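Here is what each chain is made of, one letter per residue.
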Amino acid sequence: MIRRPPRSTPKPSSAASDVYKRQIFISSMVLFSLSDDLLSSFIFWEFLGLCSFFLIAYYNSDIKAIYSSTMAFWITRFGDLFFLMGLIIIYLGSQSLSISSVNNFLINSNSYSDNLALFFILIGIFTKCAQYPFTIWLPRAMKGPTPVSALIHSATMVVAGIFLLFKLSSTIEVYPFIKDTIFYVGLITSLICSIYAFYESDLKGILAYSTLSHIGFMLIPIGSSAGEMGYFHLYSHSFFKSLLFLMAGYLILKFNETSINKLSGKLSFFTPYGIIFSIACLSLVGVYPFTGSFSKEYIIIDFINNRSLIDSLILIISVLFTCLYSSKLFFSIINFKRIGHNIFKDDILYLLPMGILAFFSLTGFYTFHFFREFTDINFKNISTIELISLQLSLIHI
């Protein structure tokens, strides 16, 4: 009888090189955020894409990880080609790639070539943000280690395009085709990916599709002349989504499972981790007064007041599926019995960053006030009664 050799465990790449790649990734993201011209934004975005390729393929003996990283690399390179063509067209007209100069030029020009250039830039942004029809690469990027997933999916690479669109929001206002493209791509992606998340059973897969759906939520106000609301949702989303990915990393480390069916009832509500996970899920749903409720409900109220009935219906369906997959995630993993909890020796190292993120996810009033003071953006005042009434009406539906 011939025995099969045991299946080898995927081996990670060198720890030292992995640290360097993460540092380059973080540095590129900071420099991208501080950049005030499109060329340097493009260069730093390329560094982000290259680092994400290596980080997704962290387990370099796993063929699926290699395949996933290769797919992510080539899809984003396809978008980069269009982004670069858009930059060339704009430079030939404006003789500058400074964002302020580009905004001034495009607002006063509004020609066919300018529309084409902005459309090419949009394709580059949609590929990086994994928006429809380029959603395929992001869920497969879950093959990377969970901290990398938190880094790439919560508040960095995939939402960098939203930040760039916010910088160009004054230009987008005078280009109706570009504005409508942003709006409907965001609306379609938020609906499709919220449905995918509901039917997904892999923990990190649910969070990946959830991220795509929420990026769609960020695009919707940018395409509705309310870019500051999309920027605010980018800010609030980073807290609870980072928290959820770090929580997923803890669960995978403790139980060595990613399927929510096999993680069913593994986490007691009466532990620090159970409370933190509950805060993250409630903020994801947008329950008042958690941080997620402020940004999401502002978008919904503005949307319902200014868009057609069909568009509003699509958004409400997307919101309902967000509630459904969040509830599925919560009730699958949380156990309301006082079960034994084996404390890790290094639990404080896990609890400290998650506790900080949980605080910001919980204190919606504080995070909203801080955002308004820091950015000096004036929002339309929406009363507490309006926010609660909207949530009660959604529950009734």
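Structural data are supplied above this passage.
Now for a description of the structure that goes with this document. All figures in this text were calculated on a predicted structure; none of them were measured in a lab.

## Some remarks on the overall build of the protein chain
Piece 1. Counting secondary structure elements, the protein chain contains 18 helices and two strands.
Piece 2. When the 397 residues of the protein chain are sorted by exposure, 55% land in the buried category.
Piece 3. Relative to all contacts within the protein chain whose residues are 6 or more apart in sequence, the contacts with residues 24 or more apart total 80%.
Piece 4. Split by element, the accessible area of the protein chain, about 18000 Å² in all, is 66% carbon and sulfur.

## Let's talk about helix H3 (residues 63-94)
Piece 1. Compared with the 46 Å implied by 1.5 Å per residue over 32 residues, the 46 Å span of H3 between its first and last C-alpha is a close match.
Piece 2. Directly beyond the C-terminal end of H3, a positive phi value near 60 degrees is found at glutamine 95.

## Here we look at the nonpolar core
Piece 1. Grouped together as the largest cluster of nonpolar side chains are 110 residues, with contacts concentrated most on Trp45, Trp137, Leu164, Leu267, Phe277, Leu329 and Ile333.
Piece 2. Residue contacts for tryptophan 137: discarding those within four places in its chain leaves Met71, Ala72, Ile75, Thr76, Thr127, Lys128, Ala130, Met157 and Val158.

## Quick notes on the environment of lysine 167
Piece 1. Positionally, lysine 167 belongs in helix H8 (residues 157-167).
Piece 2. Of the residues examined, lysine 167 reaches a relative accessible area of 18% and is grouped as buried.
Piece 3. Taking the C-alpha atoms as reference points, lysine 167 and asparagine 103, separated by 64 residues in sequence, lie 8.8 Å from one another.
Piece 4. What lysine 167 contacts, discounting residues up to four positions off in sequence, is Phe32, Ser33, Ser35, Ile99 and Asn103.

## Notes on the packing of aromatic side chains
Remark: the centre distance and the inter-plane angle together describe each pair of aromatic rings, the angle taken between the planes.
Piece 1. A complete count under the given rule lists 27 aromatic pairs for this structure.
Piece 2. With a centroid separation of 5.0 Å and 65 degrees between ring planes, the pair formed by phenylalanine 78 and phenylalanine 82 is classed as edge-to-face. Highlighted residues: phenylalanine 78 and phenylalanine 82, both in helix H3, separated by four residues, approximately one helical turn.
Piece 3. In this structure phenylalanine 78 comes out as partly exposed when scored by relative accessible area, which is 40%.
Piece 4. Note on phenylalanine 82: relative accessible area 18%, which makes it buried.
Piece 5. The ring of phenylalanine 73 has arginine 77 sitting right over it, with the charged end atom 4.7 Å from the ring centre.
Piece 6. Residue placement shows lysine 328 over the ring face of phenylalanine 198; its charged tip is 5.6 Å from the ring centre.

## Remarks on the packing of helix H5 (residues 112-128) against H8
Helix packing for two helices is described by the angle between their axes and how far apart those axes are.
Piece 1. One can describe the packing of H5 onto H8 by two numbers: an axis separation of 7 Å at closest approach and a directional angle of 150 degrees. The pairing of H5 with H8 is recorded here as roughly antiparallel in orientation. Note on element contacts: H8 touches H5 through Met157, Val158, Gly161, Leu164 and Leu165, opposite Leu122, Ile125 and Lys128.
Piece 2. Across the contact of H5 with H8, the residue classes break down as six nonpolar, one polar and one charged.

## What to know about the pattern of salt bridges
Piece 1. Tallied over the full model, the rule gives three salt bridges.
Piece 2. A salt bridge links glutamate 46 to arginine 77, with the shortest nitrogen-to-oxygen separation between them at 3.4 Å. Of the two residues, glutamate 46 sits in helix H2 (residues 38-56) while arginine 77 sits in helix H3, which places them 31 residues apart along the sequence.
Piece 3. Across the pair arginine 77 and aspartate 80 runs a salt bridge, and its minimum N-O distance is 2.5 Å. Residue arginine 77 and its partner aspartate 80 are both found in helix H3; the two are separated by three residues, about one turn of the helix. Aspartate 80 carries the same exposure label as arginine 77, and that label is buried.
Piece 4. What emerges from the salt-bridge pattern is a single network uniting Glu46, Arg77, Asp80 and Lys128.

## Topic: helix H13 (residues 272-285)
Piece 1. In this model H13 runs 20 Å from its N-terminal to its C-terminal C-alpha over 14 residues, within 8% of the 20 Å that 1.5 Å per residue would give.
Piece 2. Counting buried residues along H13, eleven of its 14 residues qualify, which places the element largely inside the surrounding structure.
Piece 3. One or two steps after H13, the chain reaches glycine 286, where phi turns positive at roughly 95 degrees.

## Some points on unusual backbone geometry
Piece 1. The linkage connecting tyrosine 132 with the following residue, proline 133, adopts the cis geometry, with an omega of 5 degrees.
Piece 2. Structurally, proline 133 can be placed in the loop between H5 and helix H6 (137-140).
Piece 3. Of note in the backbone geometry, alanine 130 takes a positive phi value of approximately 55 degrees without being a glycine.
Piece 4. Along the chain, the position of alanine 130 falls in the loop between H5 and H6.
Piece 5. A residue is classified by how much of its surface remains accessible, and alanine 130, at 0% relative accessible area, is buried.
Piece 6. Positive phi outside glycine occurs at serine 225, with the angle close to 65 degrees.
Piece 7. Classification of serine 225 by relative accessible area gives partly exposed; the value is 39%.

## Focus on a nonpolar patch on the surface
Piece 1. A cluster of nonpolar side chains, Ile24, Leu39, Ile43 and Phe47, forms an exposed patch at the surface whose accessible area comes to about 330 Å².
Piece 2. Here the element with the most residues in the nonpolar patch is H2; it accounts for three residues.
Piece 3. With respect to the secondary-structure elements, isoleucine 24 resides in helix H1 (residues 15-34).
Piece 4. On the basis of relative accessibility, which here comes to 41%, the residue isoleucine 24 falls in the partly exposed class.

Conventions and cut-offs
Residues numbered from 1 in each chain as written. Predicted model: local features only at pLDDT ≥ 70, side-chain atom pairs only at ≥ 80, totals over all residues. Heavy atoms only, no water. Helix = DSSP H or I, 4+ residues; strand = E, 2+ residues; numbered from the N terminus. Buried < 20%, exposed > 50% of the residue type's maximum accessible area, 1.4 Å probe, protein only. Contact = heavy atoms within 4.5 Å. Areas by Shrake-Rupley, 256 points an atom, 1.4 Å probe, with all protein chains shown as cover. Expected span 1.5 Å × (residues − 1). Core = buried A, V, L, I, M, F, W, Y, C linked by side-chain atoms within 4.5 Å. Phe/Tyr/Trp six-rings, centres within 6.5 Å; stacked < 30°, edge-to-face > 60°. Lys NZ or Arg CZ within 6 Å of the ring centre and 35° of its normal. Axes fitted to C-alpha atoms, helices over the stretch in contact; angles between N-to-C directions. Parallel < 35°, antiparallel > 145°, perpendicular 65-115°, else oblique. Nonpolar A, V, L, I, M, F, W, Y, C, P; charged D, E, K, R; others polar. Salt bridge = Lys/Arg side-chain N within 4 Å of Asp/Glu carboxyl O. Patch = residues over 30% accessible without salt bridge, like charges linked within 9 Å, V, L, I, M, F, W, Y side chains within 5 Å.

Keep in mind these values describe shape, not function.
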